[in-house]
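Per-entry structural report
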Amino acid sequence: MDGATKYSAQSHIMILSSGNTRPLQTKRITPVVRAMEVDISLSPRVNSVKPSKTVAITDQATALVQAGVPVIRLAAGEPDFDTPTVIAEAGMNAIREGYTRYTPNAGTLELRSAICKKLKEENGISYTPDQILVSNGAKQSILQAVLAVCSPGDEVIIPAPFWVSYPEMARLADATPVILPTSISEDFLLDPKLLESKLSEKSRLLIICSPSNPTGSVYPRKLLEQIAQVVARHPRLLVLSDEIYEHIIYAPATHTSFASLPGMWERTLTVNGFSKAFAMTGWRLGYLAGPKHFVAACGKIQSQATSGASSISQKAGVAALGMGYAGGEAVATMVKAFKKRRDYLVQTFGALEGVKISVPQGAFYLFLDFSSYYGTEAEGFGMIKDSESLCRYLLDKGQAAVVPGDAFGDDTCIRISYAASLSTLQAAADKIKDALISLRRAVPV
Ligand SMILES: Cc1ncc(COP(=O)(O)O)c(C=O)c1O
């Protein structure tokens, strides 16, 4: 019976005897529907999660585009390239061949075996298929890992600038995010001494993202070794190594998997996926590799939440891993294009007064310090007081959508995604420069 419905006549009265129920009378009744107030309260868990500022700016950009304003969108975290043909073909063949049913929760043995081979050959880490959990994107892999290992009150150590979801995932697990600042002059890399000073009995998980979203920083092996030495002194501490951008890296930088460092395999949860390097954001495919005990716990969560990833995407994933070392020619071509764009933007913004840059060594983002423009007044707009107002101004005046650094835990910067063609980036850079120059003219600093 509907909770908002009451019956006007005595009806549906049941005789309850020896377990039998039957209607006492069958006369027609008229329901009186009363509006009942709905309890709209939400779980404290949801209330603790912050809404995304990236979504707010993206929504504003979309509204402008719909209104006919030619906004250039550089806020997205996805490659502008199409999925390589051999991968797409594998997906289409999977459908044609009827490979469209549930797969095992952890992913097909075929894909998990291919992932083990990749991790051994490219990353120097040995896993068996039962130490791999394939999920619907790396985002799910990370959330499940946080949920599986953190207890209420545990601390999740997150260097800033961070990928927007890490602190919120910690909150979803009733854990406390502990943000460790880094500086642009240190290429946004975590200082092991700062890490050491912040660790305690409560520290459960350290999240490292290299190459990083949003900074493009790549942790050199030596620094990771120093971090590993600190980690090794804290028996409760695990490390989640988010390596989703590993193939989008610019020489001479090289990628090191945290689990490959001495003594770290046992306490590292390695996350990777197909979205970025293989331009497969919409296929939703990622994975976790780690000691069986932890992977099985994540698998338990997944089995009650989503079950296995798409059978079609898993076939496509096998094809992606079959494209050769680090994704072969197709990925190398995309990385070459990303590098060209990075070089162009670094040179262009580097020439602009009052901008600080740490040259990104990987991923496809530029995290620029524009804080010298804060405190200026823009005609017809108002005060530029922080990264959010600067981004709104750039959208208004420059018609370029970029993301405030505040969303990533660093209000001095803004993030520009260069997952767009060189000509688009040139047009955007011109508009951003003009908008900034007119700010400079307004109030000399
Ligand atoms: C650092 C980082 N980790 C994980 C993800 C999740 O990727 P996906 O769920 O598409 O595999 C993203 C996506 O933006 C990311 O930037």
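None of the values given here were measured: they were computed from a predicted structure.

Thresholds applied
- Residues numbered from 1 in each chain as written.
- Predicted model: local features only at pLDDT ≥ 70, side-chain atom pairs only at ≥ 80, totals over all residues.
- Helix = DSSP H or I, 4+ residues; strand = E, 2+ residues; numbered from the N terminus.
- Pairing = 2+ DSSP bridges.
- Axes fitted to C-alpha atoms, helices over the stretch in contact; angles between N-to-C directions.
- Left-handed = near helix turned anticlockwise from the far one by under 90°.
- Contact = placed C-beta atoms within 7 Å.
- Nonpolar A, V, L, I, M, F, W, Y, C, P; charged D, E, K, R; others polar.
- Right-handed = clockwise from strand over helix to strand, strands pointing away.
- UniProt positions renumbered as here; feature names shortened; annotations may be inferred.
- Expected span 1.5 Å × (residues − 1).

**Observations regarding the overall build of the protein**
Check the secondary structure of the protein and you find 13 helices and 18 strands. With respect to the three principal axes, the spread of C-alpha positions in the protein is 85 × 60 × 55 Å.

**Quick notes on the sheet that holds strand β17 (residues 403-404)**
The three strands lie next to each other as β13-β18-β17, forming an open sheet whose pairing is antiparallel. One side of each edge strand has no neighbouring strand; the edge strands of this open sheet are β13 (365-369) and β17.

**A few points about the packing of helix α3 (residues 85-96) against helix α10 (residues 311-321)**
Think of two packed helices as two axes; the pair is described by the angle between the axes and how far apart they sit. The interhelical angle for the contact between α3 and α10, taken along N-to-C directions, is 145°, at an axis separation of 8 Å. At the point where α3 passes α10, the crossing takes the right-handed sense. Along the contact surface, α3 presents Val86, Ile87, Ala90, Gly91, Ala94 and Ile95, while α10 presents Ser311, Ile312, Ser313, Lys315, Ala316, Val318, Ala319 and Ala320. Taken together, the residues of the contact of α3 with α10 break down into ten nonpolar, three polar and one charged.

**Notes on the pairing of strand β8 (residues 176-181)**
Sheet topology places strand β7 (residues 155-160) next to β8; six bridges connect them, and they run parallel. In the strand pairing of β8, Glu155 is matched with Thr176. In terms of handedness, the path from β7 via helix α6 (residues 165-172) over to β8 forms a crossover that is right-handed.

**Describing the UniProt feature "domain: Aminotransferase class I/classII large" (unreviewed entry) in the protein**
Those residues carrying the UniProt feature "domain: Aminotransferase class I/classII large" (unreviewed entry) are residues 70-432 in this numbering. End-to-end, the C-alpha atoms of residues 70-432 are 14 Å apart, and along that stretch the chain is 38% helix and 17% strand.

**Here we look at helix α4 (residues 109-123)**
End to end, α4 covers 20 Å across 15 residues, agreeing with the expected 21 Å (1.5 Å per residue, within 8%). Along its buried surface, α4 packs onto β6 (132-135), β12 (286-289) and α10. Where α4 terminates, the next one or two residues include Gly124, which has phi positive at roughly 70°.

**Some thoughts on the sheet that holds β6**
Strand order in this open sheet of seven strands is β6-β12-β11-β10-β9-β7-β8, and the pairing throughout is mixed. Of all strands in the sheet, those with a lone pairing partner are β6 and β8, marking the two edges. On average, each strand axis in the sheet is tilted by 20° relative to the strand beside it, whichever way the strands run. Across the face of the sheet, α4 comes into contact with β6 and β12 while running at roughly 115° to β6.

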